[in-house]
Amino acid sequence: MNLIEKQNNGTLFIDPSNKIKSMLTEREVMELLTKLDEEIEKDSSLNLNMWSLNFNNKEIFGLLDARAGPNEEDLLRIIFSEEF
């Protein structure tokens, strides 16, 4: 399950890790994306390309790589903290 989201400044390719895909349902992944989007909007991180949040008692990271998607979209990789 990869998602492509259109944003004001281009396209975002969302790529949950295999572990995220295997441990969370599609509905949970969508809920996680909503929470991660809220975290990104806060923009309180010292690193503007990495965010973390607690979801279902697990720490999850969102890592943004500019133009790293398959068609040079910005890539948002979602992983469990232990995968980092």
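Residues numbered from 1 in each chain as written. Predicted model: local features only at pLDDT ≥ 70, side-chain atom pairs only at ≥ 80, totals over all residues. Heavy atoms only, no water.

J.: Hey, could you run me through the overall build of the chain in this one?
T.: Each helix and strand in the chain was counted, giving 2 helices and 5 strands. Listed N to C, the secondary structure of the chain is β-β-α-α-β-β-β in terms of helices and strands. Counting every position in the chain, which comprises 84 residues, the buried fraction comes to 31%. A separation threshold of at least 6 residues defines the contact pool for the chain, and within that pool the share at least 24 residues apart is 40%. When the accessible area of the chain is evaluated, it comes to approximately 5,600 Å², of which 44% is carbon and sulfur surface. (Helix = DSSP H or I, 4+ residues; strand = E, 2+ residues; numbered from the N terminus. Buried < 20%, exposed > 50% of the residue type's maximum accessible area, 1.4 Å probe, protein only. Contact = heavy atoms within 4.5 Å. Areas by Shrake-Rupley, 256 points an atom, 1.4 Å probe, with all protein chains shown as cover.)

J.: Is there a simple way to explain the nonpolar core in this structure?
T.: Counting 15 residues, the largest nonpolar core has Ile20, Leu32, Ile60, Leu76 and Ile78 as the members making the most contacts within it. Listing elements by their share of this core, those giving two or more residues are β2 (10–16), α2 (26–42), β3 (50–55) and β5 (74–80). Counting residues per element, this core draws most heavily on α2, which supplies 4 residues. When neighbours within four sequence positions are excluded, isoleucine 78 is seen to be in contact with Ile14, Asp15, Pro16, Ser17, Ile20, Leu32, Leu33, Leu36, Ile60 and Phe61. (Core = buried A, V, L, I, M, F, W, Y, C linked by side-chain atoms within 4.5 Å.)

J.: How do you make sense of the pairing of β3 when you look at a structure like this?
T.: Remark: a regular strand shows side chains that alternate across the two faces of the sheet. On β3, burial follows the alternation: Trp51, Leu53 and Phe55 on one face are buried, whereas Met50, Ser52 and Asn54 on the facing-out side are not. Bridge count between β3 and strand β4 (residues 58–65): 6 bridges; the pairing is antiparallel. Within the sheet, the bridge partner assigned to leucine 53 lies in β4 and is isoleucine 60. (Pairing = 2+ DSSP bridges.)

J.: What should I look at first to understand the environment of glutamate 28 in this one?
T.: On the secondary structure map, glutamate 28 appears in helix α2. You can call glutamate 28 partly exposed: its relative accessible area is 24%. Apart from the residues lying within four places of it in its own chain, the contact partners of glutamate 28 are Met23, Phe55 and Asn56.

J.: What exactly am I supposed to notice about the pattern of salt bridges here?
T.: All chains considered together, the criterion is met by 4 salt bridges. Arginine 77 is the salt-bridge partner of aspartate 15, the closest N and O atoms lying 2.9 Å from each other. Taken together, the residues span a long stretch of sequence, with aspartate 15 in strand β2 and arginine 77 in strand β5 at a distance of 62 residues. Taking the shortest distance from any N to any O, the salt bridge between glutamate 72 and arginine 67 comes out at 2.3 Å. Overall, the relative accessible area of 49% leaves glutamate 72 in the partly exposed class. A residue is classified by how much of its surface remains accessible, and arginine 67, at 55% relative accessible area, is exposed. Within the structure, one salt-bridge network assembled from shared partners comprises Lys19, Lys58 and Glu82. (Salt bridge = Lys/Arg side-chain N within 4 Å of Asp/Glu carboxyl O.)

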